[in-house]
Amino acid sequence: MSDQEDRTGGSRRRPGARPGGGPARGSARGGGGPARGAYGRPQKPALKLQTTTLWYYPSQQYSDQPMGLPGYEGRTPAWVIWNLLERYTREGDLVVDPFCGGGTTLDVARDQKRRALGYDLRPMREDIFKADARELPLEDQKADFVFMDPPYSTHIDYSEDPRCIGKLSAFDDGYFEAMEQTFAEADRVLRDRRYFALYVSDSFEKKKGFVPIGARLAEQLRQRFRIVDHIAVVRGNRKLEKPAFHTAAAEGNFYLRGFQHLIIAKKER
């Protein structure tokens, strides 16, 4: 076990889903209508494994205690990571997130009794290490599971660091070349016969058009890993509900991004 793992291991538990797939604390447990918590507020529905290739849950969070920094822009839905770790990891496994952002992966992994390491060019918490996803300070074949939620072109300003992949436009090949380097690094640190998941969205820009980021990255991944499945995750974005966005999409003859790609792969040598 490395010094990094000692600092970020599974000793810190946060309220949420119980190990083994049981419902989160405070979740609805069935019966007639949603359960009610303090002050009569409806509670989140019980977590369960998603069993189709269309995933949906009505909240970013699955517990009353937030997983990841609240308000972090571009935060990964905690329930997506919960589903992945329930299927593809075991208690004690080492989960690695090279684009750790607000730390959601770390919190969910520890809640499920997995060890966790997070890296980012702009660490937002002291338990996230500063590193480029293309050059991780981690030994070969150390990880049991790698999860990536990288920038989707230049839509969010994540960092002032010039190495930030979020500064690369998906309309240029440089973005896909950089992502290929992150895949090579994930391949290096991942143990044989273990799993990798990529969570990403396509990109549309006015006057430039559409880039099928998910399809292009899936093909790149296929050159290194065996693709297990390709899932559409419904985006729970309140902006999509605003009439002005729908009016603009209709008048401009473009589509609002209503889902994310979740590509699951397995390393086989």
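Note: the structure precedes this text.
Described below are features of the structure shown in this document. Just so it is clear, the structure is predicted and the values come from calculations on it, not from any experiment. (Residues numbered from 1 in each chain as written. Predicted model: local features only at pLDDT ≥ 70, side-chain atom pairs only at ≥ 80, totals over all residues. Heavy atoms only, no water.)

1. Digging into the pairing of strand β3 (residues 115–120)
So, point 1. Most of β3 sits inside the fold, with five of its six residues counted as buried.
So, point 2. In this sheet, β3 lies alongside strand β2 (residues 94–97) in parallel orientation, the contact comprising four bridges. Paired with Leu94 across the strands is Arg115, a residue of β3.
So, point 3. The parallel pair β2 and β3, bridged by helix α3 (residues 104–111), forms a crossover whose chirality is right-handed.
So, point 4. Relative to strand β4 (residues 128–130), β3 is paired through three bridges, and the arrangement is parallel. Within β4, the position partnered with Tyr119 by the bridge is Phe129. (Buried < 20%, exposed > 50% of the residue type's maximum accessible area, 1.4 Å probe, protein only. Helix = DSSP H or I, 4+ residues; strand = E, 2+ residues; numbered from the N terminus. Pairing = 2+ DSSP bridges. Right-handed = clockwise from strand over helix to strand, strands pointing away.)

2. Things to note about the sheet that holds β4
In sheet architecture, strand pairing relies on hydrogen bonds along the backbone and comes in two forms, parallel and antiparallel.
So, point 1. As summarised here, the arrangement of the eight strands in space is β1-β9-β10-β6-β5-β2-β3-β4, forming an open sheet in which the pairing is mixed. Whereas interior strands pair on both sides, the edge strands pair on one side only; in this sheet they are β1 (54–55) and β4.
So, point 2. Of the strand pairs in this sheet, strand β5 (residues 143–148) and strand β6 (residues 190–200) are connected by five bridges, and their pairing is parallel. Each bridged residue has a counterpart across the sheet, and for Val146 the counterpart in β6 is Phe196.
So, point 3. Along the sheet, helix α4 (residues 173–189) contacts β5 and β6; its crossing angle with β6, the most-contacted strand, is approximately 150°.
So, point 4. The strands touched by helix α5 (residues 213–222) are β6, β9 (226–234) and β10 (259–266); relative to β6, the strand with the most contacts, the crossing angle is about 170°. (Contact = heavy atoms within 4.5 Å. Axes fitted to C-alpha atoms, helices over the stretch in contact; angles between N-to-C directions.)

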